[in-house]
Amino acid sequence: MTYVSACPACAAAPLAEDVAKQVTPPNMFLSLPTIHCAACIGAVERALAKVSGVVHARVNLSLKRVAIVADGVSVEEIVGILDQIGYEAHPLDPALIETRQDDIGRALLIRLAVAGFAMMNVMLFSVAVWSGASEATRDLFHLISAAISLPAVLFSGQPFFFSAWSALRVRALNMDVPISLAILLAAGMSLFEVLNSGAHAYFDAALSLTFFLLIGRYLDHRTRSAAKSAAKDLAALEVNMAQLITDGVANKTPVAQLCVGDTVLVPTGARVPVDGDLASPAASTDRSFLTGETTAFSVKEGAPLQAGEINLGAAFQMRVTAVGEDTTLSRVVAMVEMAENSRNRYTNLADRAARIYAPAVHLLALFAFVGWVLANGDLRHALNVAVAILIITCPCALGLAVPAVATAAISKLYGMGFLVKNGSALERLAEIDTAIFDKTGTLTITGAGSNVPRLSAEQVSVARALAQSSDHPAARAVLEGLPTGAAAELSDLREVPGSGVQARWNGKDVRLGRGSWLEAEFEGTGLRIGVTDAIRIGLTETLRPGAKQAVTDLGSQGIELEILSGDGSKAVQNIAKQLGVSTANAEIDALAKHAHLTKLAERGRRVLMVGDGLNDTASLAAAHASVAPSSALDASRNAADIVLLRDSLSDLPRLLAVARLSTQLSKQNFAIAALYNCIAVPIALLGYATPLIAAIAMSASSITVLANAMRVRAAS
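Right, let's walk through the structure included here.

Basis of the calculations
Residues numbered from 1 in each chain as written. Predicted model: local features only at pLDDT ≥ 70, side-chain atom pairs only at ≥ 80, totals over all residues. Heavy atoms only, no water. Helix = DSSP H or I, 4+ residues; strand = E, 2+ residues; numbered from the N terminus. Buried < 20%, exposed > 50% of the residue type's maximum accessible area, 1.4 Å probe, protein only. Contact = heavy atoms within 4.5 Å. Areas by Shrake-Rupley, 256 points an atom, 1.4 Å probe, with all protein chains shown as cover. Core = buried A, V, L, I, M, F, W, Y, C linked by side-chain atoms within 4.5 Å. Phe/Tyr/Trp six-rings, centres within 6.5 Å; stacked < 30°, edge-to-face > 60°. Lys NZ or Arg CZ within 6 Å of the ring centre and 35° of its normal. Pairing = 2+ DSSP bridges. Lys, Arg positive; Asp, Glu negative; His and termini not counted. Salt bridge = Lys/Arg side-chain N within 4 Å of Asp/Glu carboxyl O. Polar contact = N/O pair within 3.5 Å; in protein donor to acceptor, adjacent residues only side chain to side chain. Axes fitted to C-alpha atoms, helices over the stretch in contact; angles between N-to-C directions. Expected span 1.5 Å × (residues − 1). Arc of directions from axis to C-beta. Parallel < 35°, antiparallel > 145°, perpendicular 65-115°, else oblique. Nonpolar A, V, L, I, M, F, W, Y, C, P; charged D, E, K, R; others polar.

Description of the overall build of the protein
Next, step 1: Each helix and strand in the protein was counted, giving 26 helices and 28 strands.
Next, step 2: Residues classed as buried in the protein amount to 53% of the 716 residues present.
Next, step 3: Long-range contacts, defined here as pairs at least 24 residues apart, represent 69% of the contacts in the protein between residues at least 6 apart.
Next, step 4: Carbon and sulfur atoms provide 57% of the accessible area of the protein, an area that totals close to 30500 Å².

Focus: the nonpolar core
Next, step 1: Counting 47 residues, the largest nonpolar core has Leu 429, Phe 437, Leu 652 and Leu 655 as the members making the most contacts within it.
Next, step 2: Per element, the largest residue contribution to this core is seven residues, and it comes from helix H25 (residues 652–685).
Next, step 3: When sequence neighbours within four positions are dropped, the list of residues in contact with Phe 437 reads Thr 442, Leu 443, Val 551, Leu 554, Leu 561, Glu 562, Ile 563, Leu 564, Val 610 and Leu 652.
Next, step 4: Counting 42 residues, the second largest nonpolar core, distinct from the first, contains Met 119, Ala 152, Ala 694 and Met 698.

A short note on the packing of aromatic side chains
The geometry of an aromatic ring pair comes down to the distance between the two centres and the angle between the two planes.
Next, step 1: Applying the stated rule across the entire model yields zero aromatic pairs.
Next, step 2: Across the ring face of Phe 155, the terminal group of Arg 111 is positioned such that the distance to the ring centre comes to 4.6 Å.
Next, step 3: Taking the ring centre of Trp 517 as reference, the NZ or CZ of Arg 511 above it sits at 4.4 Å.

Observations concerning the pairing of strand E19 (residues 500–505)
Next, step 1: Counting buried residues in E19 gives five out of six residues, a clear majority hidden from the surface.
Next, step 2: Sheet topology places strand E18 (residues 491–496) next to E19; four bridges connect them, and they run antiparallel. By the bridge assignment, Val 496 is partnered in E19 with Gly 500.
Next, step 3: What sits between E18 and E19 in their antiparallel hairpin is a turn of three residues, with Gly 498 showing a positive phi close to 80°.
Next, step 4: As defined by bridge partners, E19 adjoins strand E20 (residues 508–514) across six bridges and the pair is classed as antiparallel. Bridge assignment links Val 501 to a residue of E20, and that residue is Leu 512.

What about the side chain of Glu 495?
Next, step 1: The topology assignment puts Glu 495 in strand E18.
Next, step 2: The buried charged residue Glu 495 lacks any salt bridge partner; its closest oppositely charged side chain belongs to Arg 476, at an N-O distance of 8.9 Å.
Next, step 3: Only 3.2 Å separates the side chain of Glu 495 from the side chain of Ser 470, close enough to count as a polar contact.

Some remarks on the sheet that holds strand E4 (residues 65–70)
Next, step 1: Sheet architecture is open: four strands sit in the order E3-E4-E2-E5, paired in antiparallel fashion. Lying at the two open borders of the sheet, with one neighbouring strand each, are strand E3 (54–60) and strand E5 (90–91).
Next, step 2: In the packing of helix H3 (residues 75–84) onto the sheet, contacts are made with strand E2 (28–31), E3, E4 and E5, and the angle to E2 comes to roughly 40°.

Thoughts on helix H22 (residues 590–602)
Next, step 1: Look at H22: 19 Å from first C-alpha to last across 13 residues, which is about the 18 Å you get at 1.5 Å a residue.
Next, step 2: Turning to H22, its buried residues number three or more, namely Ala 590, Lys 593, His 594, Leu 597 and Leu 600. Considered in projection along H22, the buried side chains sweep an arc of 120° and stay on one side of the axis. Residues of H22 that are exposed and angled more than 90 degrees away from the buried face: Lys 599 and Glu 602.

Quick word on the packing of helix H14 (residues 379–392) against H25
Next, step 1: In the contact formed by H14 and H25, the axes pass within 9 Å of each other and the chain directions differ by 170°. The orientation of H14 with respect to H25, classified from their angle, is roughly antiparallel. For the pair H14 and H25, the contacting residues are Val 385, Ala 388, Ile 389 and Ile 392 in the first and Tyr 676, Asn 677, Ala 680, Ala 684 and Leu 685 in the second.
Next, step 2: When its residues are assigned to classes, the contact of H14 with H25 shows eight nonpolar, one polar and no charged.

Quick notes on the sheet that holds strand E12 (residues 304–305)
Next, step 1: The sheet built from six strands is open, its strands ordered E7-E6-E8-E14-E9-E12 with antiparallel pairing. Only two strands of the sheet have a single partner each, and these edge strands are strand E7 (249–254) and E12.
Next, step 2: One ladder, built from two bridges, connects strand E6 (residues 241–246) with strand E8 (residues 263–266); its direction is antiparallel. Counted as the bridge partner of Leu 244 is Val 264 from E8.

See the structure below:
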């Protein structure tokens, strides 16, 4: 039997030829625990772009990781290259990452406590000095303050010093270089005063500066940890050990050692370790990680099982069909990672601003220092101004503004049952003004009708062979309603998108599909063998759960609604009437659908396409944004920006609401970061911001944009 997978419509439309091609997912993920700002993003991505074999690299600042598409480059080589430019990198292991994040948090707390304790003690000695202590007493207190402060600063400031040195040793700059310079200048200036019996020392300021910078760094760490990504949640579902059946005996085996064709035992309550087919008579599983619904699914022998499902019934056996990165769970994790690492116009703007940050801020501090020295001759004041500028201009808020929102929004949507494959889709969804729906399989669910069993045995065998070759909802419904029996041997089998399936059988042309395509007088699905009249196969068609609510809510938001379907006019108008959609077009093939969306785009319409079939693939790719149900064909799911994991469409309006909110929050964060710098830099230049005030302002700006980003998770 010959299967032809290419469709005529795809061959006719150049755009559609690439529709089924999924963007290559990253095959390498590395943790970057020392990155802190948008300048770090640019440095890492530019370095990796120069590596032969690296196709694509994207850094996610909020998750501190880089996703890489590479060919012929080992992880060790990438880690070595990043080390050469001053960035620590580790292969991404969710368990190790969680442990490392806990260690980082504890280390920051310890350094914070030391800085705070030392700061309070030094302040006590400073009170005596400020109260008018004599020269000898003042010098003694200053020496004691130095003995407390210098070790405390050197210990507590290590997160900044190590990061700065990692950059400087490779002749690069990052945000911790000016911060470290500011801390060391404050401490060094104070030590100089003490050694020369000066009247002023600023050890309390150096410690306070370190203390508040550490507070900001710790709160930033905690906020990032709270913004757990959907990818991290999904990765936690992966199983490390499985029970491999060998010679009838189940033995615990690492999942990494399983091979396709192995038989695995899944005990009651255990997660399915890999993808496979059920080898037992029946099973009951929980697929809530994909569907969001805790309803038990009944699985028959031979039916597919996916990694991450939970066995709710008796222990069962399964035959392995996919392992490692080929499992459904791994592919979903990879898609979510890609979405969280995606860029939009605001991220790119922040990246360009960050590239000029390091040289600009150091030159600004130098000019301010020289300017104040020339203006009033006060070296101490000029140095304080320079230190304040070095700290207050940190671009942390700018770098976090957009990635933090994207991570929180994608995680929120996954919990609602939407798998976002492209982070830029949220920005495009927020601009939608028109929604176009396919009918069969999208707005409706097709089931087996009453007269399927009335076919003859010969007709049943031909219908079975044709139906099982297609994933169209009508074909699946026909197959479900057919009596048991063998399928006929067919040749030259191919599917015509939007019409049906045709083949050759015993020298005759056989077709299963739409009535008009079969040259029959009826609408709906039918079977035609040779030159005989087509036989109508009665199928039931009901609205998909939530379809009515989704259409009503979208209409109330001012979204224009249309139905484009390849089905007959009577069936399409009937569904349109039930849903209250005034614009419905029937008997529309793939080329006509694509042409219709193109015309709407030329008129300035921003179209959301929701579809599931082969004839929707080109339209899904051409639309401003697109959604496909999880039951859609692989080509349609690959072409869509977002996959609906649940059966119900009721949350579709909420998808648009979250997209609008995330775009709004991204703009707000970008504005907050820009406004902060517009206000803070002039204040520092004019000498009104001490280094301590600068540290507090810088930390507050980062925490503000992170807290604002978290608002998307509270969206209803």
